[in-house]
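Breakdown of the fold
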Amino acid sequence: MRSRGSQPAFPVLKKNQEEEDLRMALRMSMQNSPPEPKRSKPRDSAGAPAGSSSESRRLQRELMAAAAEKRMLASTKIASPSKPADVYKGPDKSLDCDKKEKELEAKESNLAEELSSEQANELFSIVFGNGVSKGILAQWSNQGIRFSPDPETSMGLVQHEGGPCGVLAAIQAFVLKYLLFFPYDSSRVEPSMVQSSGAGRLSKGQCVAPHDFISLTEDEKTRALVRSMGEILFMCGSKKRAVIAFLNVNGKDAGTLVRDEKIAKTLEDLSFESASDLRKVLRIERFASQTRTLMRLEEMIPVFQSRMGALLFLISALLSRGLDSVQSDRDDPSLPLVTAPFGHASQEIVNLLLCGQAVPNVFDGRMDLGGGLFLKGVSTTVEVGFLTLLESLNFCKVGQYLKCPRWPIWVVGSESHYTVLFALDTAVQDENELEARESQIRRAFDKQDQSGGGGFISVEGFHQVLREMNIKVPPEKLDHLCSTGFIVWSEFWQVILDLEKSLGGLKDSSGLMGKKLFDLYHFNGIAKSDLNGSHTSSVGETPVQRPRLTKMRVSVPPRWTPEEFMADVVVSSGSGGNESSERGTEVTKPEPPQHAPLVDCIRTRWSRAVCNWVGDPPSIV
């Protein structure tokens, strides 16, 4: 009788039998006359080229062989689970098995699809509307996704035409995420491409030096671009699917033309003025595998670098989301996504690429207007964020989701252009005691704000905030705040700062609780004159037009003691982040504050920030 502690022989025999079955299937699949496989349901072959029955059987045998081989490989890798089975290894290290299976499936089922007339008309109408000008169409069909040739801005995407900057800036933000915070993992991507942790992530407080931008290789930049585009498309597809749009000109898939010059020549005379023109050349492929999506994007990089690249990526994102879902995301689906008269990317386009939904507003959640009407905002935490000059002008209110993304990178919007602001150190996102408490109270306040971001709430909503946040305001101050029938955020916040902590306030006599000092970088991808830059023309007088990268030193004073802070600044010997430690500090006189519209954007994230830079002021137009 077998003892309780011994192991039965049956599992071992079963495993050996399974391996023998796999080997038998592999041998049988390669025979000349294999047995006819059973089918539960015929495969949909609409649109596939007709072929002989022998050719079809040959493809089936190869697919069966590849599947059997893949199962055998998987069974041998059980002992080493640390190796991911589905990874993207960059331009020079693709998985042969996945490539073979992908190629065979493409031969058998012809994955490329044409849009129907109805789909093409709907797509064209959603993007451009019915009365789009030739000038706007030219802007959107002459912008590729290309990196700057200038060494100092080699990590940045160059904009040549007005209009598509919203698309480029969103992609740029994700590219910086991978270049800055996942530099050591640039050779592969885990199956879940939205990474908040991983082997390649820099530890907290680490940063990438700006001079490293100069040493970036083309492969490193391409991998970051591929990963960024793949992450955005799968985010638009609810992390379940992605659609890639490409061109088929004169019967040739532009992705098969390896050299950029060939693609440029093929697209040289291509133009479109209507949905029917677009339908003639547009093809799409659908993917459920993130690895295959990345591999296909890698193959298609020359196409996205071509003059149609930005438009193709926008179309890919819209189709990944689904046109019906895009329209349901919006408050007014009758308006085109590309706005007249200048052809700028709308906020819906930017939000689609940043959060996966084409919502038109930048506040958190949605706003109830009564009567079953709602305005839709951002509903979840995002990887990279958004700031806008319009908030400093009181035209809108950016919510905490976009202001406080997972990574310290923000698309910056002005009235007519989109640029990118970023930090090299994740510590700038760390909240001190003051900021953490303010975020909680502000979120509760904004939840009661029905003014469209005006910064005031009703007396009833105010009492709800006090209950939620456990704040006990003295009766005389409470009566004063409620005397007008509504409560303004700035007055309420001042009361909080003067209120003792035991009552739920943030009174602090030390003046150190809210102080911060750090560096930010701003990138403008459109060519701008650099009067103080190192690049000039041969004459030495006319500045060269080129993208701009500006480093800024940012000081954020305690909010209730600005006079004392501006008189003397305590500067730590550290590189940045929160500077509240008194050990190893010295008192220095601050540099005179400098101002530009970008500073107003920064102050919507860090109130009363003081900024300094060398050279020309950063431009957000």
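As the structure is a computational prediction, the values presented were derived from the model and not from experiment. (Residues numbered from 1 in each chain as written. Predicted model: local features only at pLDDT ≥ 70, side-chain atom pairs only at ≥ 80, totals over all residues. Heavy atoms only, no water.)

1. A closer look at the overall build of the chain
The number of helices and strands found in the chain is 21 helices and 18 strands. In the chain, which comprises 621 residues, the proportion classed as buried is 48%. Sequence-distant contacts, at least 24 apart, represent 69% of the contacts inside the chain between residues at least 6 apart. For the chain, the accessible area works out to roughly 30100 Å², and carbon and sulfur atoms hold 52% of it. (Helix = DSSP H or I, 4+ residues; strand = E, 2+ residues; numbered from the N terminus. Buried < 20%, exposed > 50% of the residue type's maximum accessible area, 1.4 Å probe, protein only. Contact = heavy atoms within 4.5 Å. Areas by Shrake-Rupley, 256 points an atom, 1.4 Å probe, with all protein chains shown as cover.)

2. Remarks on unusual backbone geometry
Look at the link from Ala340 to Pro341: it is a cis peptide, with omega at 0 degrees. Among the structural elements, Pro341 can be located in the loop between β5 (338–339) and β6 (344–345). Positive phi values are uncommon outside glycine, yet Ser238 reaches one of about 55 degrees. Assignment of secondary structure puts Ser238 in the loop between α7 (218–236) and β2 (242–249). Here Asn394, not a glycine, exhibits a phi torsion of approximately 65 degrees, which is positive. Its place among the elements puts Asn394 in the loop between α14 (389–392) and α15 (400–403). Note on Asn394: relative accessible area 70%, which makes it exposed.

3. Some points on the pattern of salt bridges
Overall, the coordinates contain 20 salt bridges when judged by the stated rule. A salt bridge links Arg286 to Glu113; its shortest N-O distance comes to 3.0 Å. Of this pair, Arg286 sits in strand β4 (residues 282–287) while Glu113 sits in strand β1 (residues 113–114), placing them 173 residues apart in sequence. Judged by relative accessible area, which is 30%, Glu113 ranks as partly exposed. Through salt bridges with shared partners, a single ionic network connects Lys177, Glu231, Glu383 and Arg406. (Salt bridge = Lys/Arg side-chain N within 4 Å of Asp/Glu carboxyl O.)

4. Some thoughts on the packing of aromatic side chains
Evaluated as defined, the whole model comprises 16 aromatic pairs. Between Phe124 and Phe128, the aromatic rings sit 5.3 Å apart at their centres with planes inclined by 50 degrees, giving tilted as the arrangement. With Phe124 and Phe128 both in helix α4 (residues 117–128) and 4 residues apart, this pair spans about one turn of that helix. Relative to Tyr418, the ring of Phe386 has its centre 6.5 Å away and its plane inclined at 50 degrees; by these criteria the two rings are tilted. Taken together, the residues span a long stretch of sequence, with Phe386 in strand β9 (residues 385–388) and Tyr418 in strand β11 (residues 418–422) at a distance of 32 residues. In terms of burial, Phe386 and Tyr418 fall into one category: buried. Among the aromatic residues, ring-to-ring pairing joins Phe445, Phe462, Trp489, Phe492 and Trp493 into one connected group. When the ring centre of Phe374 is taken as origin, the NZ or CZ atom of Arg366, which lies over that ring, is 3.8 Å away. Taking NZ or CZ as reference, Arg442 lies 4.5 Å from the ring centre of Trp489, over its face. (Phe/Tyr/Trp six-rings, centres within 6.5 Å; stacked < 30°, edge-to-face > 60°. Lys NZ or Arg CZ within 6 Å of the ring centre and 35° of its normal.)

5. Brief notes about helix α11 (residues 309–321)
Its 13 residues place the ends of α11 18 Å apart at the C-alpha level, agreeing with the 18 Å of an ideal helix rising 1.5 Å per residue. Counting buried positions along α11 yields 13 of 13 residues, so the element is predominantly enclosed. (Expected span 1.5 Å × (residues − 1).)

6. Remarks on the packing of α7 against α11
Following both chains from N to C, one finds α7 and α11 inclined at 35 degrees, their axes separated by 7 Å at the closest point. In this structure, α7 contributes Met229, Ile232, Leu233 and Cys236 to the contact, and α11 contributes Phe313, Ser316, Ala317, Ser320 and Arg321. Of the residues assigned to the contact of α7 with α11, the class counts are 6 nonpolar, 2 polar and 1 charged. (Axes fitted to C-alpha atoms, helices over the stretch in contact; angles between N-to-C directions. Nonpolar A, V, L, I, M, F, W, Y, C, P; charged D, E, K, R; others polar.)

7. Some thoughts on the packing of helix α17 (residues 459–469) against helix α18 (residues 475–482)
Put simply, α17 and α18 touch, their axes get as near as 11 Å, and they point 145 degrees apart. Considering the relative orientation of α17 and α18, their crossing is right-handed. Each of Val459, Phe462, His463 and Leu466 in α17 lies in contact with α18, whose residues at this interface are Leu478, Leu481 and Cys482. Of the residues assigned to the contact of α17 with α18, the class counts are 6 nonpolar, 1 polar and no charged. (Left-handed = near helix turned anticlockwise from the far one by under 90°.)

8. Comments concerning the pairing of β9
By the alternation rule, side chains of β9 split into Gly385 and Leu387 and Phe386 and Thr388, which are all buried. By the bridge criterion, 4 bridges tie β9 to strand β10 (residues 409–413) in an arrangement that is parallel. Residue pairing in the sheet places Phe386 in a bridge with Val411 of β10. (Pairing = 2+ DSSP bridges.)

9. Let's talk about the state of the cysteines
In the structure shown here, the tally under the stated rule is 0 disulfides. Not engaged in a disulfide, the cysteine Cys396 finds its nearest cysteine sulfur in Cys601; these two sulfurs lie 10.0 Å apart. Judged by relative accessible area, which is 21%, Cys396 ranks as partly exposed. (Disulfide = S-S within 2.5 Å.)

10. So, the confidence of the model for the chain
A residue-level look at the chain finds 65% of positions with pLDDT of 70 or above and a mean pLDDT of 77. Scored below 50 in pLDDT, residues 1–15 shows 2 contacts in the model against residues more than four places distant or in partner chains. Considering only residues more than four positions removed or in separate chains, one finds that residues 75–87, a stretch of pLDDT under 50, has 14 contacts. (pLDDT = per-residue confidence, 0-100.)

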